[in-house]
2 protein chains.
Amino acid sequence: MGVTRRTLRLGAFLLTPGYHVASWRHPTARADGGLDFAHYRELLHTAERGRFDMFFVADGVGIRTPYRDADELSRWGRFLQFDPLTLLSALAVHTTHIGLAATASTTYNEPFHIARKFASIDHLSAGRAAWNIVTSVTDAEARNFNRDSQPDHTARYQRAREFMEVVTGLWDSWDDDAFGYDKEAGRYFEPDGMHVLDHKGEHFSVRGPLNVARPPQGYPVLIQAGASADGQDFAARWAEVVFTAAQTLDEARTFYRGMKRQAAAYGRDPGQMKVMPGLFPVVGRTRAEAEDKYAVLQELVDPVVGLGLLTQLLGDVDISGCPLDGPLPELPPTQGSTSRQQLVYDKARREGLTIKELYRSLTGGRGHRIVIGTPEDVADLMEEWFTDEAADGFNVMPPVLPQGLDDFVDLVVPELQRRGLFRTEYESTTLRGNLGLDRPARGAAAELPLSTGPVQVQE
Amino acid sequence: MGVTRRTLRLGAFLLTPGYHVASWRHPTARADGGLDFAHYRELLHTAERGRFDMFFVADGVGIRTPYRDADELSRWGRFLQFDPLTLLSALAVHTTHIGLAATASTTYNEPFHIARKFASIDHLSAGRAAWNIVTSVTDAEARNFNRDSQPDHTARYQRAREFMEVVTGLWDSWDDDAFGYDKEAGRYFEPDGMHVLDHKGEHFSVRGPLNVARPPQGYPVLIQAGASADGQDFAARWAEVVFTAAQTLDEARTFYRGMKRQAAAYGRDPGQMKVMPGLFPVVGRTRAEAEDKYAVLQELVDPVVGLGLLTQLLGDVDISGCPLDGPLPELPPTQGSTSRQQLVYDKARREGLTIKELYRSLTGGRGHRIVIGTPEDVADLMEEWFTDEAADGFNVMPPVLPQGLDDFVDLVVPELQRRGLFRTEYESTTLRGNLGLDRPARGAAAELPLSTGPVQVQE
Ligand SMILES: Cc1cc2nc3c(=O)[nH]c(=O)nc-3n(C[C@H](O)[C@H](O)[C@H](O)COP(=O)(O)O)c2cc1C
Ligand SMILES: Cc1cc2nc3c(=O)[nH]c(=O)nc-3n(C[C@H](O)[C@H](O)[C@H](O)COP(=O)(O)O)c2cc1C
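Bear in mind the structure is a predicted one, so any value in this text is a computation, not a measurement. (Residues numbered from 1 in each chain as written. Chains lettered and ligands numbered in written order. Predicted model: local features only at pLDDT ≥ 70, side-chain atom pairs only at ≥ 80, totals over all residues. Heavy atoms only, no water.)

Colleague: Can you walk me through the relation of the copies chain A and chain B in this structure?
Modeller: In this structure, two copies of a chain are linked by a rotation about an axis accompanied by a shift along it. Between the two copies, chain A and chain B, the superposition gives an RMSD of 0.0 Å; the rotation angle is 180° and the shift along the axis is 0.0 Å. Given the turn and translation reported, the copies of this chain are related as if by a two-fold rotation axis. Proximity to the rotation axis, assessed at the C-alpha, singles out A:Ala90 in chain A; its C-alpha lies 2.0 Å from the axis. Interface residue correspondence from chain A to chain B reaches 100%, placing this contact among same-surface, isologous pairings. (Least-squares fit on C-alpha atoms with pLDDT ≥ 70 in both. Contact = heavy atoms within 4.5 Å.)

Colleague: What's the story with the pairing of strand S1 (residues 9-13) of chain B in this structure? I'm lost.
Modeller: Successive residues of a regular strand alternate their side chains across the two faces of the sheet. Residues and elements named next belong to chain B. For S1, the buried fraction is high: five of the five residues fall into the buried class. With burial as the criterion, each face of S1 is covered, one bearing Arg9, Gly11 and Phe13 and the other bearing Leu10 and Ala12. Note: S1 against strand S11 (residues 393-396), four bridges, orientation parallel. Each residue of the ladder has a partner; that of glycine 11, found in S11, is asparagine 395. Two elements, S1 and strand S2 (residues 54-57), share three bridges in a ladder whose sense is parallel. (Buried < 20%, exposed > 50% of the residue type's maximum accessible area, 1.4 Å probe, protein only. Helix = DSSP H or I, 4+ residues; strand = E, 2+ residues; numbered from the N terminus. Pairing = 2+ DSSP bridges.)

Colleague: Just checking my understanding: could you explain unusual backbone geometry for this structure?
Modeller: Most peptide bonds adopt trans geometry, and most residues besides glycine take a negative phi value. Here B:Thr16 and B:Pro17 are connected by a cis peptide whose omega angle stands at 0°. You can see B:Pro17 is positioned in the loop between S1 and helix H1 (37-49). Here the residue pair B:Leu401 and B:Pro402 is connected by a cis peptide bond, since its omega of 0° sits within 30 degrees of zero. Relative to the helices and strands, B:Pro402 is located in the loop between S11 and helix H14 (403-418). Its identity as a non-glycine residue notwithstanding, A:Asp198 has a phi of 50°, on the positive side.

Colleague: Just checking my understanding: could you explain the interface of chain A and chain B for this structure?
Modeller: As a measure of interface size, the accessible area lost when the parts come together is often cited. With 73 residues of chain A in contact, the opposing surface of chain B contributes 73 residues. Together chain A and chain B conceal approximately 6500 Å² of surface at their shared face, both sides included; 59% is due to carbon and sulfur atoms. At the boundary of chain A with chain B, the tally comes to six salt bridges. Between A:Asp59 and B:Arg116 there is a salt bridge whose closest N-O contact spans 2.6 Å. Counting the contacts that link chain A with chain B gives 44 residue pairs in polar contact (both at pLDDT 80 or more). Among the elements of the structure, helix H2 (70-76), helix H3 (84-92), helix H4 (111-124) and strand S6 (205-206) of chain A are those that each provide at least two residues to the side of chain A that touches chain B. Here the side of chain A that touches chain B takes eight residues from H4(A), the largest share from any one element. (Buried area = accessible area lost by both parts, 1.4 Å probe. Salt bridge = Lys/Arg side-chain N within 4 Å of Asp/Glu carboxyl O. Polar contact = N/O pair within 3.5 Å; in protein donor to acceptor, adjacent residues only side chain to side chain.)

Colleague: Honestly, the confidence of the model for chain A in this entry has me stumped. Any pointers?
Modeller: Parts of the prediction with low pLDDT should not have their coordinates interpreted in detail. Mean pLDDT over chain A: 94, with 97% of residues reaching 70 or higher. Every residue in residues 455-459 of chain A is under pLDDT 50, and counting partners more than four places away or in other chains gives 13 contacts. (pLDDT = per-residue confidence, 0-100.)

Colleague: Even after reading the chapter, I still don't get the pattern of salt bridges, so can you show me in this structure?
Modeller: Pairing of side chains with opposite charge becomes possible as their charged atoms draw close. All names here are of chain A. Evaluated as defined, the whole model comprises 68 salt bridges over all chains. Across the pair aspartate 71 and arginine 75 runs a salt bridge, and its minimum N-O distance is 2.9 Å. Remark: arginine 75 and aspartate 71 occur in helix H2; sequence separation between them is four residues, near one turn of the helix.

Colleague: Even after reading the chapter, I still don't get the site of ligand 1, so can you show me in this structure?
Modeller: All names here are of chain A. The environment of ligand 1 is made up of 22 residues, and the closest members are Asp59, His153, Tyr157, Ala225 and Ser228. Contact distances for ligand 1 include 2.8 Å between an oxygen atom and a side-chain N or O atom of histidine 153. Separating an oxygen atom of ligand 1 from a side-chain N or O atom of tyrosine 157 is a distance of 2.6 Å. For ligand 1, the protein covers 93% of the area, taking 610 Å² as the surface of the free molecule. Secondary structure elements with two or more residues in the shell around ligand 1: strand S4 (129-134) and helix H6 (153-171). (Near = heavy atom within 4 Å. Areas by Shrake-Rupley, 256 points an atom, 1.4 Å probe, with all protein chains shown as cover.)

Colleague: It is not clear to me how the domain arrangement of chain A should be interpreted in this structure. Could you clarify?
Modeller: Residue and element names in this part refer to chain A. For chain A, the domain assignment lists domain 1 (9-288 + 368-447) and domain 2 (302-362). Between the C-alpha centres of domain 1 and domain 2 the distance comes to 27 Å. Summed over both partners, the interface of domain 1 with domain 2 comes to about 1500 Å²; 59% of that surface belongs to carbon and sulfur atoms. Viewed at the interface, domain 2 and domain 1 are joined by one salt bridge. Across the salt bridge formed by aspartate 302 and arginine 75, the nearest N and O atoms sit 3.0 Å from each other. Top element by residues in the side of domain 1 that touches domain 2 is H2. It accounts for three residues. (Domains from an automatic or database assignment.)

Colleague: For this particular structure, what's the right way to read helix H9 (residues 287-299) of chain A?
Modeller: Residue pairs three or four apart in sequence face the same way in an α-helix, which turns once every 3.6 residues. Residue and element names in this part refer to chain A. In a regular helix each residue adds 1.5 Å, so 13 residues correspond to 18 Å; H9 covers 18 Å between its end C-alpha atoms and thus fits that length. Taken together, the buried positions of H9 are occupied by Ala290, Tyr294, Leu297 and Gln298. Viewed end-on, H9 has its buried residues packed into an arc of 100°, placing them on one side of the element. Opposite the packed face of H9, turned more than 90 degrees from it, sit the exposed residues Asp292 and Glu299. Buried residues in H9 make contact with strand S9 (274-283), helix H12 (355-362) and strand S10 (369-373). (Expected span 1.5 Å × (residues − 1). Arc of directions from axis to C-beta.)

Colleague: Is there a simple way to explain the environment of A:Leu88 in this structure?
Modeller: All names here are of chain A. Among the structural elements, leucine 88 can be located in helix H3. Judged by relative accessible area, leucine 88 falls into the buried class, the value being 0%. In sequence terms leucine 88 and serine 125 are 37 residues apart; their C-alpha atoms lie 9.2 Å from each other. When residues no more than four places from it in sequence are discounted, the contact partners of leucine 88 are Phe55, Val57, Leu100, Ala101, Ala102 and Ile121.

Colleague: I tried to follow the packing of aromatic side chains on my own but got confused; where do I start?
Modeller: Both the distance between ring centres and the angle between the ring planes are used here to describe each pair of aromatic rings. Applying the stated criterion to the full structure yields 56 aromatic pairs over all chains. When the centroid spacing of 6.0 Å and the interplanar angle of 50° are considered together, the rings of A:Trp131 and A:Phe163 count as tilted. With A:Trp131 in strand S4 and A:Phe163 in helix H6, the pair connects residues that are 32 residues apart, well separated along the chain. Overall, A:Phe163 belongs to the buried group, its relative accessible area being 0%. Among the aromatic residues, those joined into a cluster by ring pairs are A:Trp24, A:Phe79, B:Trp174, B:Phe179, B:Tyr181, B:Tyr188 and B:Phe189. Between the NZ or CZ atom of B:Arg6 and the centre of the ring of B:Phe386, over which it lies, the distance is 4.0 Å. (Phe/Tyr/Trp six-rings, centres within 6.5 Å; stacked < 30°, edge-to-face > 60°. Lys NZ or Arg CZ within 6 Å of the ring centre and 35° of its normal.)

Colleague: Teacher, can you tell me more about the nonpolar core here?
Modeller: Of all hydrophobic cores here, the largest spans 196 residues; its most connected members are A:Phe55, A:Trp131, B:Phe55 and B:Trp131. Those residues in contact with A:Trp131 that lie beyond four places of it in its chain are A:Ala102, A:Ala104, A:Thr106, A:Ile114, A:Phe118, A:Phe163, A:Met164, A:Val167, A:Trp171, A:Val221, A:Leu222 and A:Ile223. (Core = buried A, V, L, I, M, F, W, Y, C linked by side-chain atoms within 4.5 Å.)

Colleague: In this structure, what is going on with helix H13 (residues 375-387) of chain A? I would like to understand it.
Modeller: All names here are of chain A. Helix length check: H13, at 13 residues, gives a terminal C-alpha distance of 18 Å against a target of 18 Å (1.5 Å per residue), a fit within 8%. Of the positions making up H13, those classed as buried are Pro375, Asp377, Val378, Ala379, Leu381, Met382, Trp385 and Phe386. Of the residues one or two after H13, glutamate 389 is the one with positive phi, at around 55°.

Colleague: Where do I start with the side chain of B:Thr107 in this structure?
Modeller: Residues and elements named next belong to chain B. Counting through the fold element by element, threonine 107 comes out in the loop between strand S3 (99-105) and helix H4 (111-124). Polar side-chain contacts of threonine 107 include one of 2.6 Å to the backbone oxygen of threonine 135. Sequence-distant contacts of threonine 107, that is, excluding residues within four places in its chain, are made with Val134, Thr135, Pro151, Arg156 and Arg159.

Colleague: Could you clarify how one ought to interpret the site of ligand 2 in this entry?
Modeller: Residues and elements named next belong to chain B. Taken together, 23 residues sit near ligand 2, with Asp59, His153, Tyr157, Ala225 and Ser228 positioned nearest. Between ligand 2 and aspartate 59, the relevant distance is 2.8 Å, taken from an oxygen atom to a main-chain nitrogen or oxygen of the residue. The side chain of serine 228 places a nitrogen or oxygen atom 2.5 Å from an oxygen atom of ligand 2. Contact with the protein chains hides 93% of the accessible area of ligand 2, taken as 610 Å² for the molecule alone. Of the residues belonging to the shell around ligand 2, the class tally is 10 nonpolar, 11 polar and two charged. (Nonpolar A, V, L, I, M, F, W, Y, C, P; charged D, E, K, R; others polar.)

Below is the structure:
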């Protein structure tokens with residue numbers, strides 16, 4: 001350890017029944033866990049015992065798996081899931097310290113609903129809510145919202161920027177101490193403490209005020225994972241936690257430094273932005289045990305799913321005509337995630353993989369860093385990325401649940417604690433408190449420029 | 001009791017901190033209860049002890065109180081509230097039998113979100129979710145959703161009809177037994193069990209399928225309270241519980257019979273529609289005690305609020321120029337609730353009230369039937385309305401919380417039970433089971449005509 005008192009931040013990315021694409025077929029998996037509250041409650045208790053900063057729920061407004069027919073979708077499986085806010089509200093009242101992060105799309109929601117729901121859950125959890133801001137990436141979702149295909153990438157991020165103005169403006173509807181509930185005087189709130197937003201912009205006209213008091217955290221913690229130029233610019237302006245996928249230390253370090261620089265360019269304190277790459281850990285008491293665990297999962301991957309996954313990671317580019325034992329062809333541009341397409345393409349070229357080898361290498365981590373080994377191996381990698389300033393923490397993606405989380409909490413967390421890298425007790429009962437993020441004062445969001453980045457928006 | 005085995009249905013309409021407009025100023029009120037989960041949890045435990053069929057959360061997407069400035073709004077108070085689905089999700093995992101009914105607007109939501117959220121909470125609560133379908137009534141809400149004023153009444157109900165087609169269609173995305181989670185065969189669901197909606201209509205294009213399994217109740221219980229011709233036609237087609245406001249037995253009986261007739265005209269079994277008027281009970285051990293309780297609340301009504309309330313009930317008709325001690329003038333038509341305007345107007349004329357007398361008479365029940373008296377008085381009224389087929393049950397609106405609910409559960413419920421009018425134990429763990437409503441088979445919603453009523457919609 002150096003002189004710095006930085007400690008790791010950990011998110012539990014608990015895609016049920018596991019992050020591995022074949023997880024639901026694993027003998028120990030709770031294949032029906034996606035709609036089982038007791039299953040999630042148990043996972044959360046484990047994560048809280050492991051002192052995780054937060055529990056994160058990924059989401060799509062529709063089935064994001066690309067499938068040609070019901071048979072193919074059935075092979076993929078694992079798409080049933082509670083609406084994230086429904087799930088987190090219920091979990092909020094069964095936990096005491098862990099942060100609760102839900103994904104919600106700026107492309108298919110109205111800002112008033114989002115502001116109100118996240119404010120509600122921040123009150124309900126006494127300051128533990130976080131919002132993973134996404135612009136969505138599939139046409140399948142667009143088709144559930146009156147469109148044939150999604151708006152293009154630039155348009156999605158333009159809407160997202162204005163969306164943030166409105167949502168933070170609504171959270172600022174009331175002074176923190178506006179509500180005095182003065183029964184004698186008959187004044188529910190201090191009239192000076194009300195602030196009507198009256199936003200009129202290109203995408204939204206929203207008057208306000210919100211019918212919920214200012215959230216305990218000021219604003220719920222803002223998370224984002226955009227990897228494109230537009231996505232990174234958005235994160236630099238808004239994100240307090242940045243999720244990302246990186247394969248190598250170098251890649252992660254470059255991204256980390258780039259993000260911090262861009263945040264600083266907006267006038268932000270880079271320390272107030274935590275960069276958390278994904279980590280897919282397969283943990284065994286020995287390396288052989290870990291390798292065996294991984295092999296069991298890999299054996300369960302249906303070839304139809306493997307190829308489908310690759311298609312999805314490439315942004316819906318159709319490669320079904322290409323021979324599985326040949327190389328990946330040159331790719332046309334995608335309206336989906338350009339950065340993810342590039343990542344996968346680079347990997348195939350760098351490692352000289354056939355299509356089949358490529359999809360087999362991706363079924364586990366799906367672009368995220370895989371580590372297969374002992375608790376010390378996992379901790380070594382985390383420590384290296386952390387001390388080399390490639391990460392402020394990690395988004396831990398257990399291959400199969402609940403086993404993979406149990407392994408991490410029982411084996412890896414104690415090792416991180418022994419090394420002084422991770423807390424043994426929560427520092428705070430709020431997510432901001434645990435992440436080391438300041439509580440924004442009313443009006444804080446309006447103080448920075450809306451954009452300094454590549455895309456010019458109105459105003 | 002006659003030969004019929006009908007028993008009462010009871011909803012707990014727990015607008016915090018009480019239904020009376022001045023409730024929040026009452027010495028016993030939890031003025032800050034609107035954002036206090038522990039307060040709601042306590043109320044729900046009381047309601048469950050009282051064997052209520054369900055807990056109902058009214059809602060607006062914005063502050064519905066009409067106010068000129070912050071000072072006036074501050075006198076109204078009591079507008080802070082959790083987003084209903086956030087609250088109900090959290091309450092679902094702290095209760096075991098009581099139904100959980102949330103209001104959501106078809107005018108300011110997208111059907112995919114609503115279908116998914118209510119399906120989620122039905123799974124979370126193991127079959128206790130209900131949706132109070134509203135088309136919203138204020139311009140204040142419209143202004144939070146990119147509009148200057150609300151769409152007109154007819155347009156709102158046309159959208160609502162198509163909204164219902166989509167939502168029920170999404171709930172029918174999967175056969176009840178579609179998900180077998182067959183790990184060995186690698187089939188998450190039975191491919192024949194998937195049904196892609198692919199709705200293309202005037203207001204919505206929604207492909208589906210939903211990423212949540214069919215709700216345990218088939219569809220969550222559908223509630224509606226439209227009172228206009230359009231509203232009643234909608235209820236006749238869709239509502240399984242009909243909320244209403246009626247002052248007199250005659251009025252209630254007329255409405256009840258009309259609703260059942262209209263339901264039958266759609267080909268429905270009228271027994272599968274439960275009509276539940278609102279009831280505002282002020283309960284004392286003696287009549288004098290009850291009168292005193294009411295007087296305490298009435299004394300707390302701010303005159304600014306009284307006049308504002310009347311304006312609201314009249315559908316935003318401005319009567320601020322009229323003398324308080326004079327009669328109500330003739331009224332222009334409203335885009336808000338026409339039926340409620342008529343109700344209030346009729347009352348003023350019938351009882352020869354001045355504007356001031358009128359608003360004082362409305363501050364408590366706001367159009368709903370008020371009963372002030374002993375537990376026997378309250379039970380007498382309920383029994384009369386019930387046996388005379390003016391009501392299948394009541395939506396109980398305690399004046400101030402938690403006291404008013406305690407009074408009802410401790411004093412009135414035992415009296416109803418003694419008379420054999422109300423259950424002593426829950427019959428079921430699902431809301432449908434307790435209400436005596438059948439579980440709809442997949443496709444049931446699509447079997448009836450979309451409209452037989454006064455408004456012709458497309459198709
Ligand atoms: C760890 C992680 C989690 C993500 N979770 C979601 C999610 O739940 N829903 C979603 O629509 N997108 C999710 N994304 C995708 C990102 O929001 C983003 O769209 C993607 O990284 C592509 O970047 P771009 O939007 O800048 O092109 C996630 C990305 C990462 C790295
Ligand atoms: C008991 C009861 C509860 C209601 N709750 C709500 C509510 O929570 N939100 C809302 O917007 N409207 C609510 N309404 C209003 C009705 O949905 C409806 O708009 C109103 O009765 C006027 O009827 P109409 O729409 O047919 O004109 C409620 C009405 C009643 C009688």
